[in-house]
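Here's the letter readout for the chains.
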Number of protein chains: 2
Amino acid sequence: MYDYKDRLLQLHQNVRDKGIDYYYIPLSDYHNSEIPNERFNLIEYLTGFSGSNATLIVTPSQVYMWTDGRYFIQAEMELEGTDVILMKQGLKGVLSVEEFLDANMGPEDVLAFDGRIVNVDTYKRYNDRLLRPNMNRRICDADIVSRDSLDEVGYTDVWLLADEYNGETLTSKINRIREGNNFKKVDGVIISNLCDIAWTLNLRGSDISHVMVFYSYLIITNRDVILYANKSHLKNVEEYLEKNGVEVRDYNDIYSDLSDSDFYRKFGIYKMLIDMKSLNTSVYTLLNEKVDVLRFDSIPSSLKCVKNDVEINNTIKAHVRDGVAVTKFMYYLSNRFSGESSPNETEISLEKKLHEFRALQEGFIDESFDTISAWAEHGAIVHYEATSKTDAAITKDNFLLVDSGGHYLEGTTDITRTFLIGKASPKMIKDYTLVLKSNINLAKARFLSGTTGKSLDMLARDVLWQEGIDFLHGTGHGVGHILSVHEGPNNISFRNRKDIAIRPGMITTDEPGIYLEREYGIRLENELLCVEDVTNSYGTFYRFDCLTLAPFERECIDIEMLTDDELSYLNDYHRMVYEKISPYLTEEECKWLGKVTAIIE
Amino acid sequence: MYDYKDRLLQLHQNVRDKGIDYYYIPLSDYHNSEIPNERFNLIEYLTGFSGSNATLIVTPSQVYMWTDGRYFIQAEMELEGTDVILMKQGLKGVLSVEEFLDANMGPEDVLAFDGRIVNVDTYKRYNDRLLRPNMNRRICDADIVSRDSLDEVGYTDVWLLADEYNGETLTSKINRIREGNNFKKVDGVIISNLCDIAWTLNLRGSDISHVMVFYSYLIITNRDVILYANKSHLKNVEEYLEKNGVEVRDYNDIYSDLSDSDFYRKFGIYKMLIDMKSLNTSVYTLLNEKVDVLRFDSIPSSLKCVKNDVEINNTIKAHVRDGVAVTKFMYYLSNRFSGESSPNETEISLEKKLHEFRALQEGFIDESFDTISAWAEHGAIVHYEATSKTDAAITKDNFLLVDSGGHYLEGTTDITRTFLIGKASPKMIKDYTLVLKSNINLAKARFLSGTTGKSLDMLARDVLWQEGIDFLHGTGHGVGHILSVHEGPNNISFRNRKDIAIRPGMITTDEPGIYLEREYGIRLENELLCVEDVTNSYGTFYRFDCLTLAPFERECIDIEMLTDDELSYLNDYHRMVYEKISPYLTEEECKWLGKVTAIIE
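Below is a summary of the structure that appears in this document. (Residues numbered from 1 in each chain as written. Chains lettered and ligands numbered in written order. Predicted model: local features only at pLDDT ≥ 70, side-chain atom pairs only at ≥ 80, totals over all residues. Heavy atoms only, no water.)

## Thoughts on the overall build of chain A
Part 1 of the argument: Scanning chain A from N- to C-terminus turns up 19 helices and 28 strands.
Part 2 of the argument: In terms of C-alpha radius of gyration, chain A reaches 25 Å, essentially the compact-globule figure of 25 Å for 601 residues.
Part 3 of the argument: Overall size of chain A, expressed as C-alpha extent along the three principal axes, is 70 × 55 × 50 Å.
Part 4 of the argument: Burial status across chain A gives 60% buried among its 601 residues.
Part 5 of the argument: Pairs at least 24 residues apart make up 69% of the contacts formed inside chain A by residues separated by at least 6 positions.
Part 6 of the argument: Put simply, chain A shows about 24700 Å² of open surface, and 47% of that area lies on carbon and sulfur atoms. (Helix = DSSP H or I, 4+ residues; strand = E, 2+ residues; numbered from the N terminus. Rg over C-alpha atoms; globule rule 2.2 N^0.38 Å. Buried < 20%, exposed > 50% of the residue type's maximum accessible area, 1.4 Å probe, protein only. Contact = heavy atoms within 4.5 Å. Areas by Shrake-Rupley, 256 points an atom, 1.4 Å probe, with all protein chains shown as cover.)

## Examining the sheet that holds strand β2 (residues 55-58) of chain A
Strand pairing in a sheet relies on backbone hydrogen bonds, with the paired strands running either antiparallel or parallel.
Residues and elements named next belong to chain A.
Part 1 of the argument: Within the open sheet, the six strands sit side by side as β4-β3-β2-β1-β5-β6. Their pairing is mixed. Every interior strand has two partners, whereas the edge strands, β4 (85-88) and β6 (138-141), have only one. The average undirected angle you get between the axes of adjacent strands in this sheet is 25 degrees.
Part 2 of the argument: The sheet contact formed by strand β1 (residues 22-26) and β2 spans four bridges and is antiparallel. In the strand pairing of β2, Pro26 is matched with Thr55. (Pairing = 2+ DSSP bridges. Axes fitted to C-alpha atoms, helices over the stretch in contact; angles between N-to-C directions.)

## Remarks on the sheet that holds strand β20 (residues 415-421) of chain B
Residue and element names in this part refer to chain B.
Part 1 of the argument: Strand order in this open sheet of three strands is β16-β17-β20, and the pairing throughout is antiparallel. Edge positions in the sheet fall to β16 (372-375) and β20, since each of these pairs with one other strand and no more. Between one strand axis and the next, the sheet turns by 15 degrees as a mean value, whatever way the strands run.
Part 2 of the argument: Judged from the four bridges that link them, β16 and strand β17 (residues 398-404) form a sheet pairing that is antiparallel. Looking across to β17, one finds that Trp375 is bridged to Leu400.
Part 3 of the argument: Strands β17 and β20 of the sheet are contacted by helix α14 (residues 309-336), whose axis makes an angle of about 10 degrees with β20.

## Concerning the interface of chain B and chain A
Part 1 of the argument: On the side of chain A, 30 residues touch chain B, which itself brings 30 residues to the contact.
Part 2 of the argument: Between chain B and chain A, a total of about 2600 Å² is buried, with carbon and sulfur atoms accounting for 55% of that surface.
Part 3 of the argument: Summed over the three residues of chain B that lose the most area to chain A, namely Arg446, Met458 and Tyr538 of chain B, the buried surface amounts to 24% of that side.
Part 4 of the argument: Across the chain B-chain A interface, the total number found is two salt bridges.
Part 5 of the argument: In this structure, Lys454 of chain B and Asp499 of chain A form a salt bridge, with 3.2 Å as the shortest nitrogen-oxygen distance. (Buried area = accessible area lost by both parts, 1.4 Å probe. Salt bridge = Lys/Arg side-chain N within 4 Å of Asp/Glu carboxyl O.)

## Points about the relation of the copies chain B and chain A
Part 1 of the argument: Its rotation angle being 180 degrees, the transformation that places chain B on chain A also includes 0.0 Å of axial translation and leaves an RMSD of 0.1 Å. This pairing of chains is accounted for by a two-fold axis. Ranked by how close their C-alpha atoms come to the rotation axis, the residues of chain B are headed by Ser455 of chain B, at 2.0 Å.
Part 2 of the argument: The share of interface residues of chain B whose copies in chain A are also at the interface is 100%, consistent with both copies meeting through the same surface. (Least-squares fit on C-alpha atoms with pLDDT ≥ 70 in both.)

## Quick notes on the packing of helix α4 (residues 97-104) of chain B against helix α5 (residues 120-130) of chain B
In helix packing, the relevant descriptors are the interaxial angle and the interaxial distance, both defined with respect to the helix axes.
All names here are of chain B.
Part 1 of the argument: In the contact formed by α4 and α5, the axes pass within 10 Å of each other and the chain directions differ by 35 degrees. Note that α4 runs across α5; the crossing there is right-handed. Between α4 and α5, the contacting residues are Val97, Glu98, Glu99, Leu101 and Asp102 on the first element and Arg125, Tyr126, Arg129 and Leu130 on the second.
Part 2 of the argument: By residue class, the composition of the contact of α4 with α5 is four nonpolar, no polar and five charged. (Left-handed = near helix turned anticlockwise from the far one by under 90°. Nonpolar A, V, L, I, M, F, W, Y, C, P; charged D, E, K, R; others polar.)

## Points about the state of the cysteines
Part 1 of the argument: Taken as a whole, this structure holds zero disulfides over all chains when the rule is applied.
Part 2 of the argument: Free of any disulfide, Cys590 of chain A has its nearest cysteine sulfur in Cys546 of chain A, 20 Å distant.
Part 3 of the argument: On the accessibility criterion, Cys590 of chain A (18% relative accessible area) is buried.
Part 4 of the argument: Distance from the sulfur of Cys195 of chain B, which forms no disulfide, to the nearest cysteine sulfur (Cys305 of chain B) is 13 Å.
Part 5 of the argument: Relative accessible area serves as the criterion here: at 13%, Cys195 of chain B is assigned to the buried category. (Disulfide = S-S within 2.5 Å.)

This is the structure in structure tokens:
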């Protein structure tokens, strides 16, 4: 606690010394990654708050911290004893950071931030909102927190994803980027999204927990390819990069290079494409001083979301492996909890057990995200993560919700099953069946080319909305290939503003849920691969192939509530699970799987 | 034919005289109305082509005409003997107008058009596409067709929609426009969409066939309201306008006023809002020379799509009247075609008969659009309009598709029913039931606030897509209140780019269909009023009230294909139709209605 106070006092001093009125600190790395490496968590460093969503505003005398409903209680506990003023995002009457700044900044005030952790999008938005024509407000780039540990970036050895796993060479990918629509209007592109860079180069790292990337920038011109990364971690891929004509420079050289007019002349860059979402303001400002800048939606993002045949075929294999692990886990549960008295298991012990099953699978690299193992009422907390403090003992007659996934050499998985421990009440059966209907209705969609995730979402929501029930998260997200388990731009959500057509080769999750506070949570998640269906005079129809392989909870399904189509989908699905998973099970497990996937009539 | 040739020869001459390389003529009026008054049809005047979609490009020696698939055959016939080159829109390899211009215009070429019939949106798009940095192409405003008949605009007497019908005074509407978000950034707005002006002033005209508007502009500043319209047709509303502080100027004065700096000074206008879609380039150019211009989505459009209680309650009455007319027509059909031999009826004779039933209703003003009365294979032509040449005799064992509507003093209606004449084949029954399921699935939706028409469309399409069937039009459009039967921005369509949330007070059609070339068309259209449903911890749900009242074709419904929910919706709907319509029928009609709406079990 003493540390935090000291650090904040020093920060107030720095704010005053620099003539800053409002200092803005988001929780972000230099690439606006969804989850930054933990070293970048300046907010925990300054205040002790350890939640995954927070924004700080520091004035000469005060500190405000914004976080969302998931973290209100935790924030109050962790911030106790500090003078941090907690701003509860989403509560009525609580201003957003942007509104707060606009309402409080005087006409001569200065807003500052470390431009390396603020993306161009946010910077532009704050510019538009705060810099009003009749005022002299200013926005400045200033790093006044100064953590030495962030000077050298790039933490893990980078490795090559071999040809049999990537399906497309670096050269081919770079050529396709060069053929991208917006590329023709410029002399080069700077790629700053870490997943985009890893995908383009067929390289992987572990610089961010569960995300297979390495801190870097990539500049592609018509002739040259320049990678900025921590050279000390590139030893295994040096030769590969050289052979493929990729020039390697040190991660921090990006700043000196982009300040140097000779650099642009040497590489013939007069106009450059940037990605507003991942490029940071410091790099952008340097670029913008020297050359014309064209903002764009990332070209590699729009390419990598459509998986190639090698990626698809490998992903199918990865799902068999993952399905074997989850099915074995389900069998383990059914055995472990078959008796009258509860065995000694908790959320964390079961999370570990599931990890063991996954770790035994060939090609397993890592979990693709922190496993959610949530017993009973914890299941209703959408982003629950069991800690030693919350770790609940598994008793009976309730649901265990497990959302997990793995990175394998062949691909990445994301699956949620909700397991019944003990007996189900009629209400539990009704809710489980509703979620299953919702999942199936989306999974069995047939849709014309051009249909977006916003339209498809209705198929999943309708079942629940008819009952006056909703779930407060998207129905589906894209899944990266041994990169980040969350990957855009494809998604299935009725509220999303960035709505794109779902096309063959895209892999998107299907994960509706019902969450009852203080009771339980149910979520059923499969991954869906979009494939071509019939083409006729109306156009080309698409449908989904389901990649995820693990049984649903037979005892929780009320057949009366299913339509004929839904029931026949369920039976087909269970037959497929048995066929693909049983070869990898023991005889005993096989027998059990046969029973839980038997045809329901 | 001779006339046309002369006119085109003269036009080629004018093009050469003015140094024009490409002269662009769209089919539009000065306000980009969906359907212009027929006087504006320069394309028919020049070429003889009478279709409702066409664009002409005239060069010094050639004429190109673009039209879509509905008109290919008609265009070939009507253009015979002319030298017009037909460009078949949508066919593979046929360039769009924009692509054609871009591909053919030389670097020094001049594109010209009458700026009064080209909206700002198109003008901006052509500017962006055609005026490339490395070329000297130019775009000019030039009227070289010069039809005197278009100098004086405004053709019918304007009348006041009384308080008991409009539900909100002119003053209140103008105040709400002034409170519009974008209004705060400017000193005034120029409203150019004719429906917006009529709605704002509570005035109606008949300047466009079936659209209750009058040619005009409306300027609203913080203090003043100025209406530009043909004064000779304002006699009935002069006093009303004066009393409400609306200054009236002649329609054509808009050009001299906007050229005059004193005008802007007098009214304190330094920055003005415009509507890109309806403002024409000539007016825009004048404005843009004198003051700052802010482009916007029309404020009145976003207000008028949410109907007030008076409008809603009146519209409900209008639908009872319209339902009585359509139900009587259905009874007429059932009687007329009850015998073995076909009576002497055609598409047009039945269209007239339906008109008679409507004209007998209290408050009837006009059809809200040209009735589509389409027998058998004509029903598969989505925009079919029977002419003396195509008028088909009604025989038997097929469908008669009738899409029609009325303007009443209380409101506007739009309904499609597909009537069975004779006996239905199993295929006809299956298709009819599919369309009915599609209609009902959308109609019985319950959805969270924020849900858009893009999401809702999935409910209607899913039923058909599962069968590999689609219909090539939107599922629903907004309906104006005694204005245009097509009114944005609300719509239900999975392909629409302009996608807005459906909110209580909006009225949108629900009109799925199946169209089988050379066989028949089936479309079933009801109007849906969005209303509030439950509010709970998930948010506020909305649902639809069905406004349209006329039976479905009982003999064409395969009950086995309906879910329990669909069947119960159908029975409830038919009960409502009987309750609301029967009081206005003869005893005999009543008995018949009782039978065709009886509960199906």
